[in-house]
Amino acid sequence: MNMVKRKHRLPRLSGRIWLLVVIWVVCLLYLLFQGGKTSVMLLSMVTLLIVYLWIVGLSGVRRVQGSRQLSQGSEFGELLHAGDQVHVKLSLSIPGFLPLPYVIVREVLKRHTGESWSFEDSVIPSLKGGGQLTFQTPALERGSYHFEETECVSEDIFGLLEHKGSLNARGEFRVLPRTVFIPYWQMNDRRSRMSGPQTVQTRTRRETTQINGVRDYVYGDRFSRIHWNATARTGSWKSKEFEHETVPKTMLVLDVHMKHYVNAEQFELAVSSTASLLEYGGRERMGVGLCTAGEKGTVFQPSEQTMERQRMMHHLVDIHTTSQGSLKSAVESSVRQFPQGCYFILISPLNDYQAMELLRWADTRGMTPCHVYIGEGSAEGEAEEWMSMLRARGIKGYDVESLEELPAVMGGGTL
């Protein structure tokens, strides 16, 4: 057993190394049996060459060190969204005093879904062994990304032997779902004719007369809103911030069952629509929560705090479809965490009895049901039929065919 271990510890020598050893032995025999200045010169040259190759192999790319910098990401406090690119700067430090002609750097960027991208480029080190590699990733979709171990390959100045080394320069970042700005959501307007009978009890986010604080002046603020004491104290224009009337909490229920989606693009549209509604709730200071209904329900309580909303957004980064469980059972197991009388916003491509049964079940629980129908990939006329069926039962519905249509659809307009 010990002999087996020793065999595994012996390094595998390449054919070129064996060739150099044979040449050195031949030169040595030539010196011993022939003698003369020529044999001494040949043996000296081959010996110096082998010593040089040995030093390069010990102190070259085998001991390479480095660090990585990302131009966007958590390191600089920036958030990446789907479609953004990342600029990567890799700094290398190669120990040793012997110059290298070039170094080939191979990078692999991996996504949490298993997809990977390979990058390869060459760097010419300086006399001190330093070098930098800068490259840009393609447009990335939502997910968690990390760089695997970096491989460096180099040759000596004669091109005889190839030397390999690796370094682990950490580089991890997350890409948030693609979002779109929603200026107005018709669901929150009690004066809307299209809101359905369930929204008669709702109230708009009108301001009260109670001052809640001071904020920066925004172009268009009325003259009466200016806070003169804060403006004089800070030297910049400040406006009064008033409290808003309370509105029912909102729960976004995202369907993550694989069999309900035609393709991956349709699921990404559902995730992006959910993220866009979360951002709208944050801007309007609405209490918006999230429930991802998969094998079991994962619930985030409605909150107006920025940290809680960021938790929901980061949860959407790693979410993926599942083939187990059912939509209704996942929601029913989580209903105890839903606030009473909340808006129940179902985000799903379903347009059959399952969706209708779930919406009516939410109505019987005292919630206000609404369906954001992900209609991308559906048959022609299918969405109109489903919207008519919802209106007949007094349930508000939105037909979303693409992310660009979302602001107009949620506002009750048309493109």
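Preceding this paragraph is the structure being described.
Residues numbered from 1 in each chain as written. Predicted model: local features only at pLDDT ≥ 70, side-chain atom pairs only at ≥ 80, totals over all residues. Heavy atoms only, no water.

## Some thoughts on the overall build of the chain
Scanning the chain from N- to C-terminus turns up ten helices and 18 strands. Out of the 415 residues in the chain, the part that is buried amounts to 42%. Residue pairs at least 24 apart in sequence account for 70% of intrachain contacts in the chain once pairs closer than 6 positions are excluded. Of the roughly 23,400 Å² that the chain leaves accessible, carbon and sulfur atoms contribute 53%. (Helix = DSSP H or I, 4+ residues; strand = E, 2+ residues; numbered from the N terminus. Buried < 20%, exposed > 50% of the residue type's maximum accessible area, 1.4 Å probe, protein only. Contact = heavy atoms within 4.5 Å. Areas by Shrake-Rupley, 256 points an atom, 1.4 Å probe, with all protein chains shown as cover.)

## Describing the nonpolar core
Among the nonpolar cores identified, the biggest contains 37 residues, and Trp185, Leu252, Leu254, Ile345, Ile347, Val372 and Met410 are the most heavily contacted of them. The element contributing the most residues to this core is helix H5 (residues 264-283), with eight residues. Once you skip the residues sitting within four places of it in the chain, Leu252 turns out to touch Thr274, Leu277, Leu278, Val288, Gly289, Leu290, Cys291, Ile345 and Ile347. (Core = buried A, V, L, I, M, F, W, Y, C linked by side-chain atoms within 4.5 Å.)

## Concerning the pairing of strand E14 (residues 288-293)
Looking down a regular strand, the side chains alternate between one sheet face and the other. Of all the six residues making up E14, six are buried; the element is thus mostly covered by neighbouring parts of the structure. Residues Val288, Leu290 and Thr292 line one face of E14 and the alternating positions Gly289, Cys291 and Ala293 line the opposite face, and both faces are buried. Note: strand E13 (residues 250-255) against E14, six bridges, orientation parallel. If you follow Thr250 over to E14, its bridge partner there is Val288. (Pairing = 2+ DSSP bridges.)

## A look at the packing of aromatic side chains
Two measures describe an aromatic ring pair: the distance that separates the ring centres and the angle between the ring planes. Counted by the stated rule, this structure contains nine aromatic pairs. Both rings, one in Tyr217 and one in Trp237, keep their centres 6.3 Å apart while their planes meet at 50°; by these two values the pair is tilted. Within this pair, whereas Tyr217 is found in the loop between strand E11 (207-216) and helix H4 (228-234), its partner Trp237 is found in the loop between H4 and strand E12 (238-244), the two being separated by 20 residues in sequence. With a centroid separation of 6.3 Å and 35° between ring planes, the pair formed by Phe338 and Phe344 is classed as tilted. Under the relative-accessibility criterion, Phe344 is labelled buried at 0%. (Phe/Tyr/Trp six-rings, centres within 6.5 Å; stacked < 30°, edge-to-face > 60°.)

## A closer look at the packing of H5 against helix H6 (residues 306-318)
Axis separation between H5 and H6 bottoms out at 11 Å; the angle between their running directions is 170°. By the criterion of interaxial angle, the relationship of H5 to H6 is roughly antiparallel. Where H5 approaches H6, its residues Val271, Thr274, Ala275, Leu278, Glu279 and Gly282 are matched on the opposing element by Arg309, Met312, Met313 and Leu316. (Axes fitted to C-alpha atoms, helices over the stretch in contact; angles between N-to-C directions. Parallel < 35°, antiparallel > 145°, perpendicular 65-115°, else oblique.)

## Some thoughts on H5
The terminal C-alpha atoms of H5, which comprises 20 residues, lie 29 Å apart, in line with the 28 Å expected from a rise of 1.5 Å per residue. In terms of residue burial, H5 counts as a mostly covered element, since 14 of its 20 residues are buried. The N-cap of H5, judged by a side-chain oxygen 3.3 Å from the amide nitrogen of Glu265 a few residues on, is Asn263. (Expected span 1.5 Å × (residues − 1). Polar contact = N/O pair within 3.5 Å; in protein donor to acceptor, adjacent residues only side chain to side chain.)

## Here we look at the sheet that holds strand E3 (residues 87-93)
Ordered by their spatial adjacency, three strands build an open sheet running E1-E3-E6, and the pairing between neighbours is antiparallel. Two strands close off the open sheet at either side, each with one partner strand: strand E1 (65-70) and strand E6 (130-136). Shown here is a sheet whose adjacent strand axes are inclined to one another by a mean of 15°, direction ignored. Note that E1 and E3 share six bridges and pair antiparallel. Bridge assignment links Gly66 to a residue of E3, and that residue is Leu92.

Don't take any of this as a statement about function, it's just geometry.
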